[in-house]
Amino acid sequence: MNWKAFGAMLARDAHVARRNALQLFFQTFLQPLLFVFIFGRVMVGSGYMPPQYKSLLLPGIIAISMTFTGIWAVAMPLIAEFQWTREIEDRLLAPISMNWIAIEKVIAGLLQAVVAGLVVLPLGWLVLRPGIDIRIGNPLMFAVVILLVGGFSACGGLALGCSMNQQHIGLMFSMVITPMIFFGCTYYPWSALQNFPILQKIVLVNPLVYASEGMRATLVPQFSHLPIAGVVAALTFFDVLLLIVGLRQFEKKAIS
Amino acid sequence: MGVGIRTQDLRKVFNSPPPTAATGIVMRGDAKGSKAAKTQILAIDGISLEIYAGEIFGLLGPNGAGKSTTIGVLTTRVRPTSGQAWIGEHDVWQQQAEVKRLIGVVPQRPNLDFSLTAREILLFHGAYFGLGAKARSERADALLEKFKLTERAHQMTRGFSGGMMQRLSIARAMMHDPQVLFLDEPSAGLDPQTRILLWEIIREYHQLGKTLLLTTHNMEEADALCQRLAIVDHGHVIALGTPNELKASIPGGFLLRLRFGKQTSDLMDRLKVLAGVREVKASDGIGADVYADRGGSLIPEIASLAASSGAELSDVHISEPSLENLFLHHTGRSLRD
């Protein structure tokens, strides 16, 4: 394993992220903050939502932000680089095995997703307070969940980015991302689906469900949530599955 | 100690259109089950080459001959369907990281990192290859200077002209001082001035004992730069040798392309017996390609012979020994077709 080349590729991605910091900031944080403001402040403040909705909402918003950031950070550059700019060639010719080039992309995406989560948390809290009851009871478990969520989003980005053509980006959002978010127990807990028993079972194939429920379990355990051991197991399963699929798709794209 | 390149029976069949320029022979596979017949493209078909350490070797051929695919296989980017390739002692497919350390690649189409400035492209490339901060900074500045890009060093490359992108691609490929440099159509789209700069740089790099493999469909370039050449067509090597050897292998050396108002049956036979004529090939029904030891001095004889056969000579083109003629002799087609 060539750690120097691996480190240099991470440094390259960090450099590019720094250069695009402002754009990345708005892309990552504007939507969740508006969401938190409208649903947490306006709807709760006007009495359409109960006050405790504030605490229920924020973990789901963190999960969406992380998932979206990780997928975007990995998939978008890969789609463009494989398809028309071929920019990635330079890294494919670096003296490092191909799997590690893909893993570097995953690590870079994971780090961005974790940063997104760790920034949306206090920003959301600032927008929603007072009356929001959120605390990190078990920092270690929170760290595990946040890493696994970042991992699944980045691995998902790898798998999607290496399976999609540029002309299908719009389709990716309407067919994959949007249903994932709405059936991801992001704006409501999984237990809220109990009146829709079939749907409640079906949504369990959506990894975002475990991300949202994991955030709830570690940040707002006062609400009902899936058992944390199940959440960790499911997230680990999706991390590994999407990584394997992503690496395979990456190789298909990289070598003709 | 230089590093050579070897291939043995390389074969590549693409099951879907390849991303590069390869447009080899299209074959229709047998339909299996309910699936529709798959289009298969035979890009290279049994290429065996030995390129010596420290030589400039050229692959010459028309578009779609299999040149880029051969380079793709040698640079770990294309998986061969069968056959083997080595860079130095390293099997290209089995020891990819070692091979990648030895080679530098200039692609046919620039693939610069658009998120970085020109200088950063060189610096990060150096870092991928483990160069220390000071070494890569010095080398990047030296290469920018050499390729006349110093003024643009801190600009993003998106707005660069084709020639500038090509120069930067070559500088990038040289950044880690590779033992073997691959250049895929290096002078395509370059203005004459930049082409001369490029040729100088290629020769200079060769002086350092490096091995260079370049592809081209420009005979002038192949003739001027390469010590040895392989002429490639439809995925096969059809001739191999030094430019002079190859040119000497054309019968007679001179090629006279003739066109007649009409063709008569005995004309071909009568052309063959003219003094100095080595070979006559009919072309397009009303023409003939005559390979001969002499050029212009044959014309009066041919003209009177044509007149006496009732086939009026309508057009003559004489060319001296060249790689173009060689390609034509082997394939019956012009390189430019």
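How each quantity is defined
Residues numbered from 1 in each chain as written. Chains lettered and ligands numbered in written order. Predicted model: local features only at pLDDT ≥ 70, side-chain atom pairs only at ≥ 80, totals over all residues. Pairing = 2+ DSSP bridges. Helix = DSSP H or I, 4+ residues; strand = E, 2+ residues; numbered from the N terminus. Contact = placed C-beta atoms within 7 Å. Nonpolar A, V, L, I, M, F, W, Y, C, P; charged D, E, K, R; others polar. Axes fitted to C-alpha atoms, helices over the stretch in contact; angles between N-to-C directions. Parallel < 35°, antiparallel > 145°, perpendicular 65-115°, else oblique. Left-handed = near helix turned anticlockwise from the far one by under 90°. Buried ≥ 20, exposed ≤ 12 C-beta atoms within 10 Å, placed from the backbone. Domains from an automatic or database assignment. Expected span 1.5 Å × (residues − 1). Arc of directions from axis to C-beta. pLDDT = per-residue confidence, 0-100.

1. Details of the pairing of strand β11 (residues 236-241) of chain B
Residues in a regular strand point their side chains to alternate faces of the sheet. Residue and element names in this part refer to chain B. The pairing of strand β10 (residues 228-233) with β11 spans five bridges and is antiparallel. In the strand pairing of β11, D233 is matched with H236. Hairpin remark: β10 followed by β11, antiparallel, with two residues in the connecting loop; positive phi at H234, about 50°.

2. A short note on the interface of chain B and chain A
On the side of chain A, 22 residues touch chain B, which itself brings 27 residues to the contact. Those elements that place two or more of their residues in the side of chain B that touches chain A are α2 (96-102) and α3 (118-128) of chain B. Residue composition of the side of chain B that touches chain A, by class: 13 nonpolar, seven polar and seven charged.

3. Remarks on the packing of helix α3 (residues 53-85) of chain A against helix α5 (residues 98-128) of chain A
A pair of packed helices is captured by two measures, namely the crossing angle of their axes and the spacing between those axes. All names here are of chain A. Where α3 meets α5, the closest approach of the two axes is 8 Å, and the angle between their N-to-C directions is 150°. Looking at the two axes, α3 sits roughly antiparallel to α5. The crossing of α3 and α5 is right-handed. For the contact of α3 with α5, the residue count by class is 16 nonpolar, seven polar and two charged.

4. Topic: the environment of A:L24
Residue and element names in this part refer to chain A. Mapped onto the elements, L24 comes out in helix α2 (residues 21-45). Judged by local crowding, L24 falls into the partly exposed class, with 19 C-beta atoms found within 10 Å. Taking the C-alpha atoms as reference points, L24 and Q83, separated by 59 residues in sequence, lie 22 Å from one another.

5. Examining the domain arrangement of chain B
Here the domain parsing of chain B yields domain 1 (5-112 + 160-247) and domain 2 (251-320). A straight line from the C-alpha centre of domain 1 of chain B to that of domain 2 of chain B covers 37 Å.

6. Regarding the pairing of strand β5 (residues 82-87) of chain B
Residues and elements named next belong to chain B. Direction of pairing for strand β1 (residues 5-14) relative to β5: antiparallel, over a ladder of five bridges. Bridging across to β5, Q8 finds its partner in Q84. One ladder, built from two bridges, connects β5 with strand β6 (residues 90-91); its direction is antiparallel. Its bridge partner lying in β6, I87 is registered against H90. From the end of β5 to the start of β6, which pair antiparallel, there are two residues, and G88 there has a positive phi angle of about 60°.

7. Considerations on helix α1 (residues 3-19) of chain A
With 17 residues, α1(A) should reach 24 Å at 1.5 Å per residue; the first-to-last C-alpha distance of 24 Å fits that figure. Among all positions in α1(A), only A:A5, A:A8, A:M9 and A:R12 are buried. Across the axial projection of α1(A), the buried residues extend over an arc of 100°, all falling on one side. In α1(A), those exposed residues whose orientation departs by more than 90 degrees from the buried face are A:W3 and A:R18. For α1(A), the elements touching its buried residues are α4 (89-92) and α5 of chain A together with α3 of chain B.

8. Some remarks on the confidence of the model for chain B
Residues and elements named next belong to chain B. The predicted model of chain B averages 84 in pLDDT, with 91% of residues at 70 or higher. Confidence, expressed as mean pLDDT per element, reaches its minimum in chain B at strand β2 (residues 25-28) with 52 and its maximum at α3 with 95. Segment residues 28-36: pLDDT under 50, and eight contacts once partners within four positions in sequence are set aside and those in other chains are kept. Here the predicted complex scores 0.85 on pTM and 0.88 on ipTM.

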